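Residues per chain, in single letters:
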Amino acid sequence: MQLQTVVKIDKELNINYNSKILMFGSCFSEHIGNRLQFLKFSVENNPLGILFNPFSISQTIQRIIQNNPFSETDLFEHEGVWNSFSLHSEFAALSPKQFLENANQRLIETHCFLRDCDYLFITLGTAWIYRRIETGEIVANCHKVPASFFKRSRESVTNIVSVLSNMVTQLKAFNPDLQIVFTVSPIRHWRDGAHDNQISKSSLLLSIEEIQDQWSDIHYFPAYEIMMDELRDYRFYAEDMIHPNNLAINYIWEKFCEFSFDDKVKTDISEIEKVARSVAHRPLNPESPSHKKFKANTLQQIEQLQKKFPAINFQREREQLL
């Protein structure tokens, strides 16, 4: 008996342990990026912070491509803290100098990583945007500045396609071998309201469809559809009834594996995951003979994996065991 409407997943990518992967966009991309990092893939996970709308994502990626540094004109001070409407609040600092040093260092690192990157995952969260009334600019984050400073609106599919098309063109010129994968976040923006959230997600889906019509090598991973159809029961949600819980994330991860890895890489993942979980284990008695033997065996497994995967850096795991 089939008790689900199953979203069919075909293998489209060939990610392996030599691949360089950049995760970009909404917080859902971080869930997948964190899992990839735990499994020792070469991943940059939202290096310039969480971004939700296509316009802020596109502007940030173009800034990365151009390696265009942030300056004090990009910053503002609110309640003693410096921020930028172009970046997530994780960059907040008590001085412009501190903010700019951190943000521009990340920008340089991401520029270099993107030039040689193999896969770029872009997770779009919402078609709703906020514009500063004073300047008309679209902001990536309002940083708890009063709502009266912004005008909220939903962008049309035409405008979203235009900005994404320009971004893809620049990405392909910057890194011709880059594989681009779009997805729509399965996290509902409930503050937009039930109807407005659905219109927003539909606008993103239609926009991605048009981008795929323009470029035959643009991929799409159906995270939103998996959550809405296969995982529609509330047991797959966190307490807020909005965010996917760990069970849902694990399920979507399994679908992601079907989409991204061949059987050999899945076997490699199993080997590395076993060691990663051993390193993460916290014993009741760290000085016991049994745990010392456990650590010695795990170190031996790491050395064997290092020979098999010379490109992977296991230094952090070694330090945790020594």
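Going by the structure above, here's the rest.
In this text, all values refer to a predicted model and were calculated from it rather than measured experimentally. (Residues numbered from 1 in each chain as written. Predicted model: local features only at pLDDT ≥ 70, side-chain atom pairs only at ≥ 80, totals over all residues. Heavy atoms only, no water.)

Visitor: Just to check I follow, could you spell out the environment of I50 for this structure?
Guide: Inspection of the secondary structure puts I50 in the loop between strand 2 (42–45) and helix 2 (54–66). Each C-alpha atom of the pair I50 and M23 lies 10 Å from the other, and the pair is 27 residues apart in sequence. Look past the residues within four positions of I50 in its chain and what remains in contact with it is G25, S26, C27, E30, H88 and E90. (Helix = DSSP H or I, 4+ residues; strand = E, 2+ residues; numbered from the N terminus. Contact = heavy atoms within 4.5 Å.)

Visitor: Before we go on, may I ask you to explain the packing of helix 2 against helix 4 (residues 157–174) in this structure?
Guide: When two helices pack together, their arrangement is given by the angle between their axes and by how far apart the axes lie. At a closest axis distance of 10 Å, the pairing of helix 2 and helix 4 adopts a crossing angle of 20°. Considering their axes alone, helix 2 and helix 4 lie roughly parallel with respect to each other. Where helix 2 crosses over helix 4, the two elements pack in a sense that is left-handed. Contacts between helix 2 and helix 4 involve P54, F55, I57, S58, I61, Q62, I65 and Q66 on the former and, on the latter, N159, I160, V163, L164, N166, M167, Q170, L171 and F174. Taken together, the residues that form the contact of helix 2 with helix 4 break down as 11 nonpolar, six polar and no charged. (Axes fitted to C-alpha atoms, helices over the stretch in contact; angles between N-to-C directions. Parallel < 35°, antiparallel > 145°, perpendicular 65-115°, else oblique. Left-handed = near helix turned anticlockwise from the far one by under 90°. Nonpolar A, V, L, I, M, F, W, Y, C, P; charged D, E, K, R; others polar.)

Visitor: Got a minute to help me understand unusual backbone geometry in this structure?
Guide: Glycine aside, residues mostly have negative phi, and peptide bonds are mostly found in the trans state. The backbone phi angle of K40 is positive, close to 70°, even though this residue is not glycine. The residue K40 is located in the loop between helix 1 (27–38) and strand 2 in this model. The backbone phi angle of E79 is positive, close to 55°, even though this residue is not glycine. Assignment of secondary structure puts E79 in the loop between strand 3 (75–78) and strand 4 (81–84).

Visitor: Mind showing me how you'd approach helix 7 (residues 246–260) here?
Guide: Side chains three or four residues apart in an α-helix point the same way, a direct result of the helix having 3.6 residues per turn. Under the 1.5 Å per step criterion, the end-to-end length of helix 7 is 20 Å for 15 residues, consistent within 8% with the ideal 21 Å. For helix 7, the full list of buried residues reads A248, I249, I252, W253, K255, F256, C257, F259 and S260. (Expected span 1.5 Å × (residues − 1). Buried < 20%, exposed > 50% of the residue type's maximum accessible area, 1.4 Å probe, protein only.)

Visitor: For this particular structure, what's the right way to read the environment of L321?
Guide: The topology assignment puts L321 in helix 10 (residues 315–321). Each C-alpha atom of the pair L321 and N141 lies 40 Å from the other, and the pair is 180 residues apart in sequence. Here L321 is in contact with V279, K295, T298, L299 and I302, once residues within four sequence places are set aside.

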